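Each chain, written out:
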Amino acid sequence: MNPVVSRMRHGLTPWARISGIALCAMLTLGPVIWTVSTSLRTPAESADLPPRIVPTDPSLDAYLGVFEQIDVWLYALNSTLVTALIAVGQMITAGLAGYAFARLEFRFKRPLFGLVLATMMVPLQVTIIPVFLELKAMGLTDTLLGLIIPAFPTAFGTFLMRQYFLGMPKDLGEAALIDGAGPWRIFRSVYAPLAAPGLAIVGVLAFNYHWNEFFRPLILETSTENLTLPLGLVTLQGNLGTGSISVVLAGVVLSMIPAVAVFVVGQRPLREGITSAGVNR
């Protein structure tokens, strides 16, 4: 190859990568920037075409309107309680199930693991009616507990933790077994502490997913006091008829803050978990 052409090709590669990353960032952050910008506009300015990124006269009136029209604190408390307990529950169930499928030997282990993976291919809409009927028989419909308990099992978390445990050395468990530790003690004292980054991944992903969850709360919750934040924000849609798009998007921005905060705080565990899993494998 011509040396000049080779140098040009190698010189353009970093710029091509930077351009690709910048394009992806614009496509990802563009709607978020537009949402935040519109939430700071007046109702009249929110409908301007073409929309301007920087508001002419920034105002927080839309955010005050959200707090006046819906009980943001109650809905945020419900969402926090539901998502936090689901995240903790999934970390526990995924850790135990992943360890069992990775390190324990029992009958039908492979078919059972295949069955767990198969559940990831079943849409939520298919199982929501049986789940609703079971919760109704237990008296858990229209309760926050009815949202929390069915979400504890996680096929993806089980798969992730199984792969994580498989990447750990067997010598650690064998040494503990020689010292007289049982399966539960080996899991609790040896493998669980080492799996903390993987469990953090499960927890962060569970929190972000269920914080924004809409379909299950829509089916299972009817009382106003049991609504989660995504459902509570639906009542703001009436502002679209009056042209106050800013109020709706201000509610959207408020709902994004906890999820973004959890993701920012959980970035380090996520990075460490993914890196260590790759090194172990």
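The structure under discussion appears in the preceding block.
This structure is a prediction, so every number in the text was calculated from the model and none was measured.

Student: Got a minute to help me understand the packing of helix H3 (residues 72-103) against helix H10 (residues 196-211) in this structure?
Tutor: Relative placement of two packed helices is described by the angle separating their axes and the distance separating the axes. Orientation of H3 relative to H10, taken along the N-to-C sense of each, is 145°, at an axis distance of 8 Å. In this structure, H3 meets H10 at a crossing whose hand is right-handed. From H3, Ala76, Ser79, Thr80, Thr83, Ala84, Ile86, Ala87, Gln90, Met91, Ala94 and Gly95 reach across to H10, where they touch Leu199, Val202, Gly203, Ala206, Phe207, His210 and Trp211. Per-class residue counts for the contact of H3 with H10 are eleven nonpolar, seven polar and no charged.

Student: I tried to follow the packing of aromatic side chains on my own but got confused; where do I start?
Tutor: Between two aromatic rings, the relevant description is the distance of the centres plus the angle of the planes. Within the structure shown, the criterion is met by eleven aromatic pairs. Each ring, one from Phe101 and one from Phe113, has its centre 5.2 Å from the other, and the planes form 55°; the classification is tilted. Within this pair, whereas Phe101 is found in helix H3, its partner Phe113 is found in helix H4 (residues 109-118), the two being separated by twelve residues in sequence. On the accessibility criterion, Phe101 (11% relative accessible area) is buried. Note on Phe113: relative accessible area 10%, which makes it buried. Seen in terms of ring centroids, Phe165 and Tyr191 are 6.4 Å apart; in terms of plane orientation they differ by 85°. Their pairing is edge-to-face. Taken together, the residues span a long stretch of sequence, with Phe165 in helix H7 (residues 155-166) and Tyr191 in helix H9 (residues 183-194) at a distance of 26 residues. Tyr191 matches Phe165 in its accessibility class, with the two residues each being buried. Each residue in the set Tyr99, Phe165, Trp184, Phe187 and Tyr191 is aromatic and connected to the rest through ring pairs, giving one cluster. Geometry around Phe113 places Arg162 over its ring, the cationic atom sitting 4.3 Å from the centre.

Student: What exactly am I supposed to notice about the nonpolar core here?
Tutor: A general trend in soluble globular proteins is that nonpolar side chains are found buried together. Of all hydrophobic cores here, the largest spans 20 residues; its most connected members are Val66, Ile70 and Leu236. Listing elements by their share of this core, those giving two or more residues are helix H2 (61-69), H3, H10, helix H12 (229-234) and helix H13 (245-265). With five residues, the top contributor of residues to this core is H13. Here Ile70 is in contact with Tyr75, Gly232, Leu233, Thr235 and Leu236, once residues within four sequence places are set aside.

Student: Just to check I follow, could you spell out the packing of H3 against H9 for this structure?
Tutor: Across the interface, H3 lies against H9 with an axial gap of 12 Å and an inter-helix angle of 110°. One way to sum up the angle between H3 and H9 is to call them roughly perpendicular. Between H3 and H9 lies a crossing whose hand is right-handed. Here H3 contributes Gly95, Leu96, Tyr99 and Arg103 to the contact with H9, which in turn contributes Pro183, Trp184, Ile186, Phe187 and Tyr191.

Student: Explanation requested: the pattern of salt bridges in the structure shown.
Tutor: Where charged atoms of side chains with opposite charge meet at close range, the side chains can pair. Tallying each qualifying case throughout the model produces two salt bridges. Notably, a salt bridge pairs Glu105 with Lys109, separated by 3.3 Å at the nearest N-O pair. Relative accessible area serves as the criterion here: at 15%, Lys109 is assigned to the buried category. One salt bridge connects Glu213 with Arg216, and the closest N-O pair in it is separated by 2.6 Å. When sorted by exposure, Glu213 lands in the same class as Arg216, which is buried.

Criteria and cut-off values
Residues numbered from 1 in each chain as written. Predicted model: local features only at pLDDT ≥ 70, side-chain atom pairs only at ≥ 80, totals over all residues. Heavy atoms only, no water. Axes fitted to C-alpha atoms, helices over the stretch in contact; angles between N-to-C directions. Helix = DSSP H or I, 4+ residues; strand = E, 2+ residues; numbered from the N terminus. Left-handed = near helix turned anticlockwise from the far one by under 90°. Contact = heavy atoms within 4.5 Å. Nonpolar A, V, L, I, M, F, W, Y, C, P; charged D, E, K, R; others polar. Phe/Tyr/Trp six-rings, centres within 6.5 Å; stacked < 30°, edge-to-face > 60°. Buried < 20%, exposed > 50% of the residue type's maximum accessible area, 1.4 Å probe, protein only. Lys NZ or Arg CZ within 6 Å of the ring centre and 35° of its normal. Core = buried A, V, L, I, M, F, W, Y, C linked by side-chain atoms within 4.5 Å. Parallel < 35°, antiparallel > 145°, perpendicular 65-115°, else oblique. Salt bridge = Lys/Arg side-chain N within 4 Å of Asp/Glu carboxyl O.

Coordinates in, geometry out; function isn't part of it.
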